[in-house]
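Architecture at a glance
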Amino acid sequence: LGTTTIYVTHDQVEAMTMGDRICIMNKGEVVQIGKPLEVYRNPADAFVARFLGNPPMNLLPARLEASGGRVVARFADVAVELPGYPIAVLKPYLGATVTLGIRPEDIVLAAPGEPESFTFTVDVTEELGLGRLLHGKLAETDAVVLMAAGLPAPTGSVAVKLPAHALHLFDDDSGKRIE
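These notes cover the structure that comes with them. (Residues numbered from 1 in each chain as written. Predicted model: local features only at pLDDT ≥ 70, side-chain atom pairs only at ≥ 80, totals over all residues. Heavy atoms only, no water.)

1. Details of the side chain of arginine 132
- Inspection of the secondary structure assignment puts arginine 132 in strand S9 (residues 131-138).
- Of note is the side chain of arginine 132, whose polar atom sits 2.9 Å from the side chain of glutamate 127.
- Setting aside its immediate chain neighbours within four residues, arginine 132 contacts Thr125, Glu126, Glu127, Val145, Leu146, Met147, Ala148, Leu151, Pro152 and Ala153. (Helix = DSSP H or I, 4+ residues; strand = E, 2+ residues; numbered from the N terminus. Polar contact = N/O pair within 3.5 Å; in protein donor to acceptor, adjacent residues only side chain to side chain. Contact = heavy atoms within 4.5 Å.)

Right under this line is the structure:
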């Protein structure tokens, strides 16, 4: 129609489906503006990461460490490589705790004992038809895994991997994305 319209909503699904560009605000301040999928895939901070998406992004405590000339995020005694992050950017965070973010749809089932795999303990399975949500604990931290339909529903503990390309890092103090 060639008309600019501003539509205000607290419904993040509505914003994602209707908007050409969305503006996320927190406590009266603009946090991020962009195309819906750009904001979803690259949240500016932990608030946006949790606000967009249903279920929201999993946020996990991790410690950044130097290992063989590279930086890894250590979560639950497993070191996850961070190939998309230059060492210079992560250097100020070495030895510090950061927040590691991953969307439920990006967590994948793995073979038990596979390198860089974690134990996910399934507490509740939520059938959606299109897929299923596994609610549980990823090394003592509440997490959700979105699993494709058609696969047998796991019970108890399963091995999962956090693909490096899908990881997000956030500063623990400011909540801002580490880029």
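2. Observations concerning the sheet that holds strand S3 (residues 58-67)
- A sheet is described by the order of its strands in space; here five strands give the open sequence S5-S4-S3-S6-S12, paired in antiparallel fashion. With one partner strand each, in any of the chains shown, strand S5 (78-81) and strand S12 (168-171) form the two edges of the open sheet. Between one strand axis and the next, the sheet turns through 45° on average, direction left out of account.
- In this structure, strand S6 (residues 97-102) lies alongside S12, joined through four bridges in antiparallel fashion. Residue threonine 99 lies in a different strand from S12, and its bridge partner there is phenylalanine 170. (Pairing = 2+ DSSP bridges. Axes fitted to C-alpha atoms, helices over the stretch in contact; angles between N-to-C directions.)

3. With respect to the pairing of strand S4 (residues 70-75)
- With five bridges connecting them, S3 and S4 associate as antiparallel partners. Paired with glutamate 65 across the two strands is valine 72, which belongs to S4.
- Counting the residues that bridge the hairpin from S3 to S4 gives two residues, and of these glycine 68 lies at a positive phi of roughly 60°.
- Direction of pairing for S4 relative to S5: antiparallel, over a ladder of four bridges. Paired with alanine 73 across the strands is valine 80, a residue of S5.
- Count of turn residues in the S4/S5 antiparallel hairpin: two residues, of which alanine 76 carries a positive phi of about 55°.

4. Considering the sheet that holds strand S11 (residues 157-161)
- Reading across from one edge, S7-S11-S8-S9-S10 is the order of the five strands in this open sheet, with antiparallel pairing throughout. Strands with a single pairing partner mark the edges of an open sheet, and in this sheet they are strand S7 (108-109) and strand S10 (141-148).
- Of the strand pairs in this sheet, S9 and S10 are connected by eight bridges, and their pairing is antiparallel. Looking at S10, one finds that leucine 133 is bridged to leucine 146.

5. Comments concerning the pattern of salt bridges
- Using the criterion set out here, one finds five salt bridges in the structure.
- Among the salt bridges present, the one from arginine 74 reaches glutamate 65, with a minimum N-O distance of 2.8 Å.
- Classification of arginine 74 by relative accessible area gives partly exposed; the value is 31%.
- The partly exposed category is assigned to glutamate 65, whose relative accessible area is 25%.
- Of the charged contacts in the structure, one is a salt bridge between glutamate 127 and arginine 132, with a shortest N-O distance of 2.9 Å.
- What makes arginine 132 buried here is its relative accessible area of 10%. (Salt bridge = Lys/Arg side-chain N within 4 Å of Asp/Glu carboxyl O. Buried < 20%, exposed > 50% of the residue type's maximum accessible area, 1.4 Å probe, protein only.)

6. Re the environment of alanine 46
- Counting through the fold element by element, alanine 46 comes out in helix H3 (residues 46-51).
- Of the residues examined, alanine 46 reaches a relative accessible area of 17% and is grouped as buried.

7. A few points about the nonpolar core
- In terms of nonpolar packing, the biggest core is built from 31 residues, with Leu64, Phe120, Leu138, Leu162 and Leu169 touching the most fellow members.
- Among the secondary structure elements, those contributing two or more residues to this core are S3, S4, S5, S6, strand S8 (117-127), S9, S10 and S11.
- Sequence-distant contacts of leucine 169, that is, excluding residues within four places in its chain, are made with Leu64, Leu82, Tyr85, Leu90, Val98, Thr99, Leu100, Lys176, Arg177 and Ile178.
- In terms of nonpolar packing, the next biggest core, distinct from the first, is built from seven residues, Ala15, Ile22, Val39 and Val48 among them. (Core = buried A, V, L, I, M, F, W, Y, C linked by side-chain atoms within 4.5 Å.)

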